[in-house]
Amino acid sequence: MIIDSGQVTKNIDETCDVVVVGSGAGGSVMAKELAERGLSVILIEEGGYHTVESFNNTDTINSLVNLYRNAGGTFLAGKPNVMYAEGCCVGGSTTINGGMCWRTPDKILKRWQWEFGLTDLTPKKMEPFHHRVEEIISVKPVLQESMNNDSMILKRGADKLGYQTRANLRNHNTCVGANQCITGCPTGGKQPPLVTYIPAFLKAGGKLITHCRVKKIRLKNRRATGVKGVMIDPVTKAVRAKVKIRSKITIVCCGAVQTPALLMRSGIRSASGALGNNLFIHPNTKVLGVFDEPIYGWKGVNQAYQITEFIDEGIIMGVNFIPPGIFALAFPFYGGGFLNTMKEIFNHSVCGAALIEDTSRGRVINLPFDQVVTTYQLNARDFELAKRATALLAEIYFAAGAKRVYLPFRNLHEINSIDEVRKIYTTQLKPIDLELMSVHIMGTCRMGINSQQSVVNPSGELHDVKGLFVADASLFPSSIGVNPQQTIMALATRSAFLISENISRYMI
Ligand SMILES: Cc1cc2nc3c(=O)[nH]c(=O)nc-3n(C[C@H](O)[C@H](O)[C@H](O)COP(=O)(O)OP(=O)(O)OC[C@H]3O[C@@H](n4cnc5c(N)ncnc54)[C@H](O)[C@@H]3O)c2cc1C
């Protein structure tokens with residue numbers, strides 16, 4: 001059953017076993033797994049329920065408005081400021097993500113065991129949870145027939161230089177290579193939770209409430225007893241009704257910015273001081289290569305390959321063709337002249353990015369009136385890593401035959417040969433000159449055994465509040481260096497199993 005703000009005529013007041021807030025990678029998994037175990041589950045989502053049939057990807061603006069938080073215009077304040085994007089719709093960021101899937105790297109799990117006492121998160125013990133997620137969202141290599149030309153060009157450059165590449169694993173079934181993953185897959189071939197976990201949740205009798213923003217967690221004697229929120233009109237943003245849910249278990253899955261904000265707004269503090277801190281973002285440097293040959297990067301699925309040669313240094317690279325309106329943002333140009341440049345290069349370009357496994361940290365600050373500010377300070381180590389990643393990607397493009405490469409530096413925007421890659425090191429560049437963006441926010445409610453060091457325990461329950469769980473990217477104790485959705489989903493599966501095994505503890 002789905003209840004949307006458009007249908008409500010009076011306030012909602014309901015009781016259930018479990019309320020899950022946020023329907024993205026963590027929330028959709030939690031909701032489905034617990035509903036299928038016979039619990040009454042209400043899943044609340046701030047954004048709307050947009051079906052695959054509604055995805056009209058020629059209208060990028062509409063997709064951004066309907067599917068992204070703040071239409072994609074969210075940023076982290078710092079030097080430099082960093083744009084970040086997250087979903088705000090049923091399925092959360094998984095509805096608009098690239099679909100790349102990675103199991104959590106062993107080195108990361110080992111670090112979490114040593115530093116945070118997460119001894120149960122070994123590759124062997126996590127295997128069944130990853131396997132279950134992979135089965136449900138159909139994780140497999142990209143089909144040969146849906147691969148795009150820009151990925152092949154990236155691979156060509158990497159092969160020439162002897163760099164290791166990885167044929168990406170993605171969640172997909174009948175991918176036709178529409179290359180519209182980030183504006184909503186128009187065929188459902190991507191197999192995100194929107195077409196997998198959410199229908200299974202509804203089939204198991206779950207109730208989904210959409211266009212409902214949870215404002216507070218209800219608390220009594222250091223125990224969570226449900227949530228309070230408001231139904232919002234999607235167009236006017238006016239409040240249409242109040243919502244009160246009483247539950248035995250409350251699970252917050254609002255993503256690494258909104259989750260700590262909701263906890264703080266509810267008056268929750270963590271003895272560790274870690275709540276809202278340790279925001280990691282996998283900063284991305286965008287690098288564009290222009291070639292003589294026609295490429296048509298928009299034909300075929302994005303990111304068929306990633307370059308993994310430098311993964312131990314904390315760098316992975318891939319190409320990701322993006323709609324023209326967003327593509328144009330990569331340039332410092334505008335006006336009629338720029339329109340001609342766009343016409344000249346659009347079908348001859350490869351748009352790639354390098355992802356950094358960051359050690360820099362950011363913070364989520366909760367302000368009055370339901371406002372949130374996020375900050376992020378790029379440290380010297382990560383700035384150097386970003387420069388190196390940019391240089392490597394530029395080198396790969398030139399090795400593949402690029403005639404020109406556009407760089408993400410304010411005062412070094414264009415280079416024209418492989419020899420000029422060195423300019424990245426010889427030009428005076430400061431962090432503030434670097435254009436960064438992020439689509440992987442993590443780490444603000446980190447998990448661990450020690451309440452003085454972490455916000456939640458190894459099953460995701462808050463050290464300081466009983467019956468209150470977190471199950472999203474904010475659990476990560478550190479940056480993981482690879483695309484995070486599968487780790488979030490595997491951890492949520494594990495947590496759901498633990499909750500249902502110990503359900504009698506909460507049914508009082
Ligand atoms: C453009 C893009 C491309 C990406 N590509 C990849 C990729 O290829 N592979 C990969 O592994 N990862 C990718 N990611 C990242 C991945 O999708 C996210 O890391 C993951 O979805 C985060 O899961 P989550 O559960 O933490 O939050 P989300 O999936 O973002 O879900 C949070 C949900 O909570 C809702 N919410 C927030 N606050 C409230 C509230 N107060 N009340 C009610 N609901 C609320 C939000 O509206 C949202 O729907 C990408 C992300 C983006 C944006």
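These figures come from a predicted structure and were not determined experimentally.

As for the nonpolar core
Phase 1: Ranked by size, the top nonpolar core spans 158 residues in total, and within it Ile251, Leu263, Phe327 and Tyr397 carry the most contacts.
Phase 2: Of all the elements, helix H10 (residues 380–399) adds the most residues to this core, at eleven residues.
Phase 3: The contact partners of Leu263, leaving out residues within four places of it in the chain, are Ile217, Val252, Ile268, Leu275, Cys445, Leu462, Leu468 and Val470.
Phase 4: Val142, Cys175, Ala304 and Tyr305 belong to the second largest nonpolar core, which has six residues in total.

Here's the deal with the packing of helix H4 (residues 123–136) against helix H12 (residues 485–501)
Phase 1: At a minimum axis separation of 8 Å, H4 and H12 run at an interaxial angle of 110°. Judged on the interaxial angle alone, H12 and H4 are roughly perpendicular. When you trace H4 past H12, the crossing you get is right-handed. Note on element contacts: H12 touches H4 through Gln486, Thr487, Met489, Ala490, Leu491, Thr493, Arg494 and Phe497, opposite Met126, Phe129, His130, Arg132, Val133 and Glu134.
Phase 2: Across the contact of H4 with H12, the residue classes tally to seven nonpolar, four polar and three charged.

Looking at the packing of aromatic side chains
Phase 1: Summed over the entire model, instances satisfying the criterion amount to seven aromatic pairs.
Phase 2: Ring centres of Phe321 and Phe346 lie 5.2 Å apart, and the angle between their planes is 65°; this geometry places the pair in the edge-to-face category. Placement of the pair is Phe321 in the loop between strand S15 (315–319) and helix H8 (324–327) and Phe346 in the loop between helix H9 (335–345) and strand S16 (349–356), with a sequence separation of 25 residues. Of the two residues, Phe321 and Phe346, both sit in the buried class.
Phase 3: Between Lys299 and the ring centre of Tyr296, over which it is positioned, the NZ or CZ distance is 4.9 Å.

Focus: unusual backbone geometry
Excluding glycine, a negative phi dihedral is what most residues carry, and trans is how most peptide bonds are arranged.
Phase 1: Following Lys79, the chain continues into Pro80 via a peptide bond in cis, with omega recorded as 5°.
Phase 2: Relative to the elements of secondary structure, Pro80 occurs in the loop between strand S4 (74–76) and strand S5 (82–84).
Phase 3: Residues other than glycine seldom take positive phi values, yet Arg222 does so here, at roughly 55°.
Phase 4: Considering the arrangement of structural elements, one finds Arg222 in the loop between strand S10 (212–220) and strand S11 (223–232).
Phase 5: Taking the relative accessible area as the measure of exposure, Arg222 reaches 59% and is therefore exposed.

Digging into the environment of Pro80
Phase 1: Overall, the relative accessible area of 6% leaves Pro80 in the buried class.
Phase 2: In contact with Pro80, not counting residues within four places along its chain, are Leu378, Pro431, Ile432, Leu434 and Leu436.

Some words on the site of the ligand
Phase 1: By nearness alone, 37 residues border the ligand, and Glu45, Ser93, Met100, Val214 and Gln485 come closest of all.
Phase 2: Measuring from an oxygen atom of the ligand, one finds a backbone N or O atom of Pro484 at 3.2 Å.
Phase 3: Here Gln485 contributes a backbone N or O atom positioned 2.8 Å from an oxygen atom of the ligand.
Phase 4: When the free accessible area of the ligand is taken as 1,000 Å², the share hidden by the protein chains comes to 97%.
Phase 5: In terms of residue count, the dominant contributor to the shell around the ligand is S10 (three residues).

Looking at H12
Phase 1: In this model H12 runs 24 Å from its N-terminal to its C-terminal C-alpha over 17 residues, within 8% of the 24 Å that 1.5 Å per residue would give.
Phase 2: In terms of burial, H12 is largely enclosed, as 13 of its 17 residues are buried.

Comments concerning the environment of Cys254
Phase 1: In this structure, Cys254 sits in the loop between strand S12 (239–252) and helix H7 (255–265).
Phase 2: Sequence spacing of Cys254 and Glu45 is 209 residues, and the spatial spacing of their C-alpha atoms is 8.7 Å.
Phase 3: When residues no more than four places from it in sequence are discounted, the contact partners of Cys254 are Val21, Glu86, Thr259, Leu262 and Asp472.

Here we look at the pattern of salt bridges
Phase 1: Enumeration over the complete set of coordinates arrives at 29 salt bridges.
Phase 2: For Asp370, the salt bridge is made with Lys215, and the minimal N-O distance between the two is 2.9 Å. With Asp370 in the loop between strand S17 (361–367) and strand S18 (371–377) and Lys215 in strand S10, this pair connects stretches of sequence that are 155 residues apart.
Phase 3: With a relative accessible area of 19%, Asp370 lands in the buried category.

Things to note about the pairing of S17
Phase 1: When S17 meets S18, the two strands line up antiparallel, connected through seven bridges. Among the inter-strand pairings, Leu367 is bridged to a residue of S18, identified as Gln371.
Phase 2: The loop that links S17 with its antiparallel partner S18 comprises three residues; one of these, Phe369, has a positive phi angle of about 60°.

Observations regarding the packing of helix H5 (residues 149–161) against H10
Phase 1: Contact pair H5 / H10: the axes reach a minimum separation of 7 Å and the direction vectors enclose 95°. Overall, the two elements H5 and H10 adopt an arrangement that is roughly perpendicular. Facing Leu154, Gly157, Ala158, Lys160 and Leu161 of H5, the residues of H10 in contact are Leu393, Glu395, Ile396, Tyr397 and Ala399.
Phase 2: In the contact of H5 with H10, the residues fall into seven nonpolar, one polar and two charged.

Let's talk about the side chain of Asp382
Phase 1: With respect to the helices, strands and loops of the structure, Asp382 is situated in helix H10.
Phase 2: For Asp382, a relative accessible area of 0% gives the class buried.
Phase 3: Residues in contact with Asp382, not counting those within four places in the same chain, are Glu357, Asp358, Thr359, Ser360 and Tyr376.

Observations concerning H10
Phase 1: With 20 residues, H10 should cover 28 Å at 1.5 Å per step; its first-to-last C-alpha distance of 29 Å lies within 8% of that length.
Phase 2: Most of H10 is tucked away: 16 of the 20 residues are buried.
Phase 3: At the N-terminal end of H10, a side-chain oxygen is found 3.3 Å from the backbone nitrogen of Arg381, two or three residues along, and the residue is Asn379.
Phase 4: After H10 finishes, the residue Gly401 shows a positive phi value of roughly 110°.

Parameters and conventions
Residues numbered from 1 in each chain as written. Predicted model: local features only at pLDDT ≥ 70, side-chain atom pairs only at ≥ 80, totals over all residues. Heavy atoms only, no water. Core = buried A, V, L, I, M, F, W, Y, C linked by side-chain atoms within 4.5 Å. Buried < 20%, exposed > 50% of the residue type's maximum accessible area, 1.4 Å probe, protein only. Helix = DSSP H or I, 4+ residues; strand = E, 2+ residues; numbered from the N terminus. Contact = heavy atoms within 4.5 Å. Axes fitted to C-alpha atoms, helices over the stretch in contact; angles between N-to-C directions. Parallel < 35°, antiparallel > 145°, perpendicular 65-115°, else oblique. Left-handed = near helix turned anticlockwise from the far one by under 90°. Nonpolar A, V, L, I, M, F, W, Y, C, P; charged D, E, K, R; others polar. Phe/Tyr/Trp six-rings, centres within 6.5 Å; stacked < 30°, edge-to-face > 60°. Lys NZ or Arg CZ within 6 Å of the ring centre and 35° of its normal. Near = heavy atom within 4 Å. Polar contact = N/O pair within 3.5 Å; in protein donor to acceptor, adjacent residues only side chain to side chain. Areas by Shrake-Rupley, 256 points an atom, 1.4 Å probe, with all protein chains shown as cover. Expected span 1.5 Å × (residues − 1). Salt bridge = Lys/Arg side-chain N within 4 Å of Asp/Glu carboxyl O. Pairing = 2+ DSSP bridges.

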